[in-house]
Amino acid sequence: MSYMDRLDRSAPMPVKHWSFAGLMLTYWCNARCASCYLCCGPHRLEEMSVEEALGYWESLATAEPMGCRVHLSGGEPFGDWERLVELCRRAQAQGLGPLEKIETNAFWATDANLVHARLEELDRYGMGKLVISTDPYHQEFVPMEHVRLAARVAGEVLGEHRVQVRWRDWLKDGFDTDRLSPSQRAELFASYAASGRDRFNGRAAVELTRGQQLKAPIEFADYPCAERLLRSRHVHIDPQGRVMPGTCSGIVLGHACREPLGDIWRRLADDYASRPLTGTLALVGPAGLARLAEATGFVPQSGYAGKCHLCWDVRRYLVGVSGFSDELGPAWLYLDH
Ligand code: SF4
Ligand code: SF4
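Residues numbered from 1 in each chain as written. Chains lettered and ligands numbered in written order. Predicted model: local features only at pLDDT ≥ 70, side-chain atom pairs only at ≥ 80, totals over all residues. Heavy atoms only, no water.

*Asks:* Describe in detail the overall build of the chain, supporting the description with residues and values.
*Replies:* When you go through the chain residue by residue, the secondary structure sums to twelve helices and eight strands. Projected onto its principal axes, the C-alpha positions of the chain cover 70 × 50 × 30 Å. When the 337 residues of the chain are sorted by exposure, 55% land in the buried category. Considering only contacts in the chain between residues 6 or more positions apart, those separated by 24 or more positions represent 73%. (Helix = DSSP H or I, 4+ residues; strand = E, 2+ residues; numbered from the N terminus. Buried < 20%, exposed > 50% of the residue type's maximum accessible area, 1.4 Å probe, protein only. Contact = heavy atoms within 4.5 Å.)

*Asks:* Can you explain the site of ligand 1? Please cite residues and give values.
*Replies:* All residues adjacent to ligand 1 are Cys-29, Ala-31, Arg-32, Cys-33, Cys-36, Cys-40, Gly-75, Asn-105 and His-138. In the shell around ligand 1, the residues fall into five nonpolar, three polar and one charged. (Near = heavy atom within 4 Å. Nonpolar A, V, L, I, M, F, W, Y, C, P; charged D, E, K, R; others polar.)

*Asks:* Describe in detail the site of ligand 2, supporting the description with residues and values.
*Replies:* The full set of residues close to ligand 2 is Arg-199, Asn-201, Cys-225, Arg-228, Cys-248, Leu-281, Pro-286, Lys-307, Cys-308, Cys-311 and Arg-315. No other element matches helix α12 (residues 307-318), which puts four residues into the shell around ligand 2. Residue composition of the shell around ligand 2, by class: six nonpolar, one polar and four charged.

*Asks:* Any chance you could break down the pattern of salt bridges for me, citing the residues and the numbers?
*Replies:* Tallied over the full model, the rule gives 19 salt bridges. Salt-bridge contacts for Arg-267 lead to Glu-259; the nearest nitrogen and oxygen are separated by 2.5 Å. The exposure class of Arg-267 is partly exposed, given its relative accessible area of 35%. A network of salt bridges, in which partner residues are shared, links Glu-47, Asp-80 and Arg-83. (Salt bridge = Lys/Arg side-chain N within 4 Å of Asp/Glu carboxyl O.)

*Asks:* Help me get a handle on the nonpolar core, residues and values and all.
*Replies:* Ranked by size, the top nonpolar core spans 110 residues in total, and within it Trp-18, Leu-23 and Leu-72 carry the most contacts. A per-element tally of this core places helix α4 (residues 144-158) first, with nine residues. Lining this core are residues from two domains, each supplying at least three of them: domain 1 (18-198) and domain 2 (214-337). Apart from residues lying up to four places away in sequence, Leu-72 is in contact with Leu-23, Leu-25, Trp-57, Pro-77, Leu-84, Leu-87, Cys-88, Leu-99, Lys-101, Ile-102 and Glu-103. (Core = buried A, V, L, I, M, F, W, Y, C linked by side-chain atoms within 4.5 Å. Domains from an automatic or database assignment.)

*Asks:* Can you tell me about the packing of aromatic side chains, naming the residues and giving the values?
*Replies:* A full pass over the atoms with the stated rule returns eleven aromatic pairs. With a centroid separation of 4.3 Å and an interplanar angle of 5 degrees, the aromatic rings of Phe-78 and Trp-108 are classed as stacked. Placement of Phe-78 in the loop between β2 (69-73) and α2 (81-93) and of Trp-108 in the loop between β3 (99-104) and α3 (112-124) is noted, with a sequence separation of 30 residues between them. Pair check on accessibility: Phe-78 and Trp-108 agree, each one buried. Through successive ring pairs, a cluster of aromatic residues spans Tyr-137, Trp-170, Phe-175, Phe-189 and Tyr-192. Between the NZ or CZ atom of Arg-124 and the centre of the ring of Tyr-125, over which it lies, the distance is 5.8 Å. Across from the ring centre of Trp-167, 4.5 Å away, lies the NZ or CZ of Arg-197, which sits over that ring. (Phe/Tyr/Trp six-rings, centres within 6.5 Å; stacked < 30°, edge-to-face > 60°. Lys NZ or Arg CZ within 6 Å of the ring centre and 35° of its normal.)

The following block contains the structure:
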């Protein structure tokens, strides 16, 4: 009996209700952070229209049993200010429920009056929190002074308790990393990545694993991912309606453009164990997925910086393999870093 045949795929394992959902308004971003697990950048043009976003939002707000809290992300949602503000205004007018937060890298925060006016408008339309991303990778593309300005004005307009900065230590001491030489930047990124804040998924799996300590694939045996895939309560919906686990980009749990979110959740709870990719990752982990892939020709690298690095490498191979590709996407994510 093979390793995979010995799995008990009928063992009960509840899927937690999704209570937090991010609408990814776009894959476009002014930045191209080395840590970006969604491989966003100035060259990505995929977008979610206001009508599509409102449709998903309604599906999320009414999903059984208690609905999802919605946040807006990207890519960079402030890249199209008119769309962002129209979506917030119409969602509020339709009574779609509270907007938990909007995430940004603050690239647009060039002037205090502009920041003030935009945040007042979003506040009026129900935005709960502003989340500002800042770390060495973002500051290769976004001036630190924009981040500090956005954080300061947001504190004045919204109150400090409604401003979340990831990460505060970098906000205090950080600097523009585009001024570093390539070797200095590589050294800083490697030491920052070693702190474990970033998941080695997407572009991070390619760019941040250089210089990390690598372990043989066997070291990641028996690291099942049920907590991340089935119990995190957090999903993202991408511009084409793909429903993905909150942090495991590129794994497709369903399509919000084809069926209501509640139905996608119920189907996942019913059949996750029989799904070749999600079931294997949830029950066994990426080492189990690597074994499946090896049967179709996958050759693992000699070492990986973490289990997500291994997972990414296997999925990048499987995205073109029939039987797995339905659970992976968008395909370009695995090819275009
Ligand atoms: S991590 Fe955020 S700011 Fe950086 S490229 Fe990705 S979406 Fe843009
Ligand atoms: S190994 Fe794969 S499925 Fe597991 S947490 Fe990492 S990216 Fe997600």
